[in-house]
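So the chains spell out like this:
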Amino acid sequence: MNNYFIILASGQSKRFNSKNPKQFNIYKNKPLFKHSVDKALKSKLFKKIIIVVNNKKLIKEKFNKNVLIIKGGKERSDSSLIALKFIKKFKPANVLIHDAARPNFTLKLLKTLIKFLKKHKAVVPAIKSKDSIKYKIKNQLFNLNRNNSILTQTPQAFKFKDLYDLSIKEKNIITDEATLFIENNKKVKFISGENFNNKITFKEDIEVKKIFYGIGFDVHRLVKNKKLYLGGVKIPFHSGLKGHSDGDVILHSVIDSILGAIRKKDIGTFFPDNSNKFKNIRSSKMLKPIIQILENNNFYINNLDINLICEQPKVTRYRDKIVKSLSSLLNLDKNLINLKGKTVEKLGLIGKEKAIACEVICSISE
Ligand code: ZN
């Protein structure tokens, strides 16, 4: 195992609109460059991992002694050559060169690259383009045949000596090491890259989607001579839920959970129970304007989890119907709605079938 891993993190990231170079922005809970370091360490495939940066002070993390940080050069190819010269003294057999802006490669890819180095001097992952590419020659636009074109990725793997010799000789600025081999008529073995191993280029690439949560709770007394509605479904039962409206505890809790997530107070603010306007209103009608607010604010529901707390009726009998009803009322895929039944061991008012309660948690995103 005489492998070395070079991570190039000295780019200027001109297209990335941020104070710090993008490699040091937080992505999935850690600095972008650290994903590559952690994966290389986890793979246990490398004797040393070299991080090439413009400014060593940008790295605040402490790594073990096999992770070395060095200062790079002006261009990518300068940094790459500086790193190759630096590791020469260790007499490496193989070297992988990687852009810190690609945090999503897998350990499997690292293993495959190194495996292929047994028979090849240069191994490069590549994928087919999803988009059609045009190119321009003297003001004329040509379509690049998608079947004949590939997009190269990193890490790229090389026999150290071959890459070193070519790099020392090269006078031009090159975009990556694969180009160096190709331009010198040296063979490159292309292997399947990974579609998700994309390069973080723009700030939007690492912006995380915001998630908000809301909680809802409701309880109503059961009374004779009233129809029982749960989640908008009429359910045959000895009693119904007492309330200003139809007393649908599920819909009321759902409404409160959504209002919680969008931070718009509570159900009583929208439907005061001293207003005659809402007397005997069906709760599905109360839900509609709340969904409207949710959508007008460009939010959408990720999922709903519901606990219906009662001895009777049994949730298992009505689960599908209630979930289907909620799915249609909320315009939400039924796989994103979960309904659980919970009894209270015959304790208290709920246990004696004098009341039904419900709690809901709702997650939404922008
Ligand atoms: Zn209620």
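Residues numbered from 1 in each chain as written. Predicted model: local features only at pLDDT ≥ 70, side-chain atom pairs only at ≥ 80, totals over all residues. Heavy atoms only, no water.

1. Notes on helix 4 (residues 160-169)
Among all positions in helix 4, only F160, L163, Y164, L166 and S167 are buried. If you follow the buried residues of helix 4, they end up packed against helix 2 (76-87), strand 6 (94-99), strand 11 (156-159) and helix 5 (177-183). (Buried < 20%, exposed > 50% of the residue type's maximum accessible area, 1.4 Å probe, protein only. Helix = DSSP H or I, 4+ residues; strand = E, 2+ residues; numbered from the N terminus. Contact = heavy atoms within 4.5 Å.)

2. Quick notes on the packing of helix 2 against helix 4
Helix 4 packs onto helix 2 with a crossing angle of 130 degrees between their chain directions and a minimal axis gap of 10 Å. Here helix 4 runs oblique to helix 2, going by the angle between their axes. Between helix 2 and helix 4 the crossing geometry is left-handed. From helix 2, L81, L84, K85 and I87 reach across to helix 4, where they touch F160, L163, Y164, S167 and I168. (Axes fitted to C-alpha atoms, helices over the stretch in contact; angles between N-to-C directions. Parallel < 35°, antiparallel > 145°, perpendicular 65-115°, else oblique. Left-handed = near helix turned anticlockwise from the far one by under 90°.)

3. Points about the packing of aromatic side chains
With the rule as written, the count across this model stands at 11 aromatic pairs. Ring centres of F33 and F63 lie 6.4 Å apart, and the angle between their planes is 75 degrees; on these two criteria the pair is classed as edge-to-face. Here F63 lies in the loop between strand 4 (48-53) and strand 5 (67-71) and F33 lies in helix 1 (residues 32-43), a separation of 30 residues in the sequence. The structure contains a cluster of three or more aromatic residues connected by ring pairs, namely Y4, F86 and F90. Lying over the aromatic face of F90, K48 brings its terminal NZ or CZ to 5.5 Å of the ring centre. (Phe/Tyr/Trp six-rings, centres within 6.5 Å; stacked < 30°, edge-to-face > 60°. Lys NZ or Arg CZ within 6 Å of the ring centre and 35° of its normal.)

4. Side note on the coordination of the zinc ion
The protein atoms donating to the zinc ion are D218 (OD), H220 (NE2) and H252 (ND1), with metal-donor distances spanning 2.0 to 2.1 Å. Read N to C, the donor residues that coordinate the zinc ion are spaced as D-x1-H-x31-H. On the criterion of sequence distance, the pair formed by D218 in strand 13 (residues 211-223) and H252 in helix 6 (residues 249-262) is long-range, its members being 34 residues apart. We classify D218 as buried; its relative accessible area is 14%. (Donors = N, O, S within 2.8 Å, 3.2 Å for Na, K, Ca; no water.)

5. Section: the domain arrangement of the chain
Domain annotation of the chain identifies domain 1 (3-203) and domain 2 (211-365). A separation of 53 Å is found between the C-alpha centroids of domain 1 and domain 2. (Domains from an automatic or database assignment.)

6. Digging into the side chain of Q156
Considering the arrangement of structural elements, one finds Q156 in strand 11. Only 3.0 Å separates the side chain of Q156 from the backbone oxygen of Q153, close enough to count as a polar contact. Among the polar contacts made by the side chain of Q156, one reaches the main-chain amide nitrogen of A178 at a distance of 3.1 Å. Aside from chain neighbours lying at most four places away, what touches Q156 is V95, L96, I97, V123, V124, P125, D176, E177 and A178. (Polar contact = N/O pair within 3.5 Å; in protein donor to acceptor, adjacent residues only side chain to side chain.)

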